[in-house]
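The primary structure of each chain is shown beneath.
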Amino acid sequence: MRPRLPGCLVGALIAALLCLVGVAVWLPGQEEPPAPEPARTPVEVVAERRLDERRMELTIRSDALGATTKVRLLLPDRWESRTDWPVLWLLHGGLDDHTSWTAKTDVEALTRGTGVLVVMPDGGRCGSYSDWWNGGAGGPPRWETYHLGELLPLLEARYRAGGRRAVAGYSMGGQGAMLYAAKGGFEAAASFSGALHILGPGVPQAVMAGTAIGCFGTDWKRIWGDPEEQRDVWRAHNPYDLADRLKGVELYVAAGQGDLVEDLANRAARSFAGRLEELDIPARTHFSRGGHNHTSWQRELHRAYPMLMSAIGAGAS
């Protein structure tokens, strides 16, 4: 019969093997090892404020952005009564922020009593609702990842958001609305004066100018690179090139005429609408007089609102 190894020697051998494969071991008589630190979540609410009966403002730390940011919510009546409210995302334009929709339009009055949770996230002064290319290195800011991969699940887990969603935006936010809808998960999308064909004539130059003004000192190529050298990156963020992914989404496209910026948005929106028609994807369009301003965007939100609400099953709360 083979001699049995003493129990302490067996324990020592097992401990040595476990240490070789990276497993921590605690043996009787030793000081108990410290508890592991809790896993860090990619998004954390660091502050929550109720501004009034309906407005709630969240301050969020985001790994995708590598920074803190804010989002404003408009709560439906009797918000606490259910956990699956239809959701309307409203995206702001360049140089604006998460407060712009409530500060510059009548969205509070429009949405009152319609049983919808309105989400107005910050998207950066020149964020373009995109994960920035950053010379091919990626990394922050990653606005799309933050909005769709961090904020959206957080709202569903903690703020009573349901799975039926619509998205609308003006200017930079109009482009973002179609980009996010092309990713899936939205029943309807509306663009007001959005740059819906970023490779159209004059639009890359507008992106350069907008970045130079909105994020002074930031290299505009950090967003998508050079429009010629990194054309595949631009196409991956171009609603015109992603139009085929919008089948089954209720769509509304509007732009005006009346100033230089709006005329440029009008041409881009018409190109996008033409592409949808080629693909046999229905869309409601409204091309009219009007400048690149909140008066126009409020009017278009009112026009698009019944369609947006119908698509997500929202009505009187």
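Quick note: structure is the one above.
Residues numbered from 1 in each chain as written. Predicted model: local features only at pLDDT ≥ 70, side-chain atom pairs only at ≥ 80, totals over all residues. Heavy atoms only, no water.

Visitor: Just checking my understanding: could you explain the state of the cysteines for this structure?
Guide: As used here, a disulfide is simply a covalent bond connecting the sulfur atoms of two cysteines. The final tally for this structure, using the stated rule, is one disulfide. One disulfide bridge connects Cys-126 with Cys-215, the sulfur atoms lying 2.0 Å from each other. A torsion of -115° about the S-S bond marks the disulfide between Cys-126 and Cys-215 as left-handed. With Cys-126 in the loop between strand E5 (117–121) and helix H4 (143–158) and Cys-215 in the loop between helix H6 (203–214) and helix H7 (221–224), the pair connects residues that are 89 residues apart, well separated along the chain. On the accessibility criterion, Cys-215 (17% relative accessible area) is buried. (Disulfide = S-S within 2.5 Å. Helix = DSSP H or I, 4+ residues; strand = E, 2+ residues; numbered from the N terminus. Buried < 20%, exposed > 50% of the residue type's maximum accessible area, 1.4 Å probe, protein only.)

Visitor: Looking at this model, I keep getting lost on the layout of surface pockets. Mind explaining?
Guide: Looking at the largest pocket, its volume works out to about 710 Å³. Lining the largest pocket are 31 residues, with Ser-171, Ala-206, Val-207, Gly-210 and Val-261 sitting closest to its centre. Contributing elements (two or more residues each) for the lining of the largest pocket: helix H5 (172–182), H6, H7 and helix H9 (260–278). Here the lining of the largest pocket is composed, by residue class, of 18 nonpolar, ten polar and three charged. (1 Å grid on protein atoms, 1.4 Å probe; cavity = no way out; pocket = protein on both sides within 12 Å on 5 of 7 lines; lining within 4 Å. Points joined across faces, edges and corners; volume = space filled by probe spheres on them. Nonpolar A, V, L, I, M, F, W, Y, C, P; charged D, E, K, R; others polar.)

Visitor: Hey, could you run me through unusual backbone geometry in this one?
Guide: Negative phi values dominate among residues other than glycine, just as trans dominates among peptide bonds. At the junction of Pro-140 and Pro-141, the peptide bond is cis and its omega measures out at -5° in the coordinates. By the element assignment, Pro-141 lies in the loop between E5 and H4. We note that Ser-193 has phi near 60°; this positive angle belongs to a residue other than glycine. Here Ser-193 lies in the loop between strand E7 (188–192) and H6. Ser-193 gets classed as buried once you look at its relative accessible area, which sits at 4%. Residue Asp-280 is not a glycine yet carries a positive backbone phi of 60°. Structurally, Asp-280 is set in the loop between H9 and strand E9 (284–287). Judged by relative accessible area, Asp-280 falls into the exposed class, the value being 69%.

Visitor: Help me understand empty space enclosed by the protein in this model?
Guide: By rolling a water-sized probe across the atoms, one finds the places where empty space is left. Per the stated rule, a full pass over the model turns up one cavity of 30 Å³ or more. In this structure, the largest cavity occupies an estimated 50 Å³ of space. Around the largest cavity, the lining is made up of 14 residues, and of these Ala-255, Gly-256, Glu-262, Ser-296 and Glu-300 lie nearest the centre. Where the lining of the largest cavity is concerned, the elements lending two or more residues are strand E8 (250–255) and helix H10 (294–312). For the lining of the largest cavity, the class distribution of residues is four nonpolar, six polar and four charged.

Visitor: Would you mind showing me how to read the packing of aromatic side chains here?
Guide: Here a ring pair, both rings aromatic, is described through the centre-centre distance and the interplanar angle of the planes. Tallied over the entire structure, the rule returns seven aromatic pairs. Between the aromatic rings of Trp-89 and Phe-186, the centroid separation amounts to 6.3 Å while the plane-to-plane angle is 85°, which identifies the pairing as edge-to-face. Here the residue Trp-89 occupies a position in strand E4 (residues 85–91), and Phe-186 occupies one in the loop between H5 and E7, the gap between them amounting to 97 residues. Each member of the pair, Trp-89 as well as Phe-186, carries the same accessibility label: buried. Geometrically, the ring pair formed by Tyr-129 and Tyr-180 is edge-to-face, given 5.9 Å between the ring centres and 85° between the ring planes. Pair noted here: Tyr-129 is in the loop between E5 and H4 and Tyr-180 is in helix H5, with a separation of 51 residues, a long-range link. Residue class for Tyr-129 comes out buried when judged on its relative accessible area of 0%. Residue classification places Tyr-180 among the buried positions, given a relative accessible area of 0%. An aromatic cluster is built from Trp-101, Tyr-170 and Trp-297, whose rings are joined through pairwise contacts. (Phe/Tyr/Trp six-rings, centres within 6.5 Å; stacked < 30°, edge-to-face > 60°.)

Visitor: Please clarify how the sheet that holds E8 should be interpreted in this entry.
Guide: Pairing between the strands of a sheet is mediated by backbone hydrogen bonds and can be parallel or antiparallel. Taken together, nine strands build an open sheet; the order of strands is E1-E2-E3-E5-E4-E6-E7-E8-E9 and the sheet is mixed. Looking at strand neighbours, the two that pair on one side only are strand E1 (43–50) and E9, the edges of this open sheet. Pairwise comparison of adjacent strand axes, ignoring direction, gives a mean angle of 20° for this sheet. Bridge count between E7 and E8: five bridges; the pairing is parallel. Considered in E8, the bridge of Phe-192 is made with Ala-254. In this fold H9 packs onto E8 and E9, with an angle of close to 150° to the strand it touches most, E8. Its contacts with the sheet place H10 against E4, strand E6 (161–170), E7, E8 and E9, and it is angled at close to 170° to E7. (Pairing = 2+ DSSP bridges. Axes fitted to C-alpha atoms, helices over the stretch in contact; angles between N-to-C directions. Contact = heavy atoms within 4.5 Å.)

Visitor: Sorry if this is basic, but what is going on with the pattern of salt bridges here?
Guide: Oppositely charged side chains can pair when the atoms bearing their charge come close. Going through the model one piece at a time under the given rule, you end up with 15 salt bridges. When the shortest N-O distance is used, the salt bridge between Glu-44 and Arg-61 registers 3.3 Å. Of this pair, Glu-44 sits in strand E1 while Arg-61 sits in strand E2 (residues 55–62); the two residues are 17 residues apart in sequence, bridging distant segments of the chain. What makes Glu-44 partly exposed here is its relative accessible area of 38%. The exposure class assigned to Arg-61 is buried, which follows from its relative accessible area of 15%. Taking the shortest distance from any N to any O, the salt bridge between Glu-57 and Arg-72 comes out at 2.8 Å. One end of the pair, Glu-57, is in strand E2; the other, Arg-72, is in strand E3 (residues 67–74), with 15 residues separating them in the sequence. By relative accessible area, which is 6% here, Glu-57 ends up buried. Among the ionic contacts, a cluster of salt bridges with common partners joins Arg-49, Glu-57, Lys-70 and Arg-72. (Salt bridge = Lys/Arg side-chain N within 4 Å of Asp/Glu carboxyl O.)

Take it as geometry only, folks, not as evidence of what the structure does.
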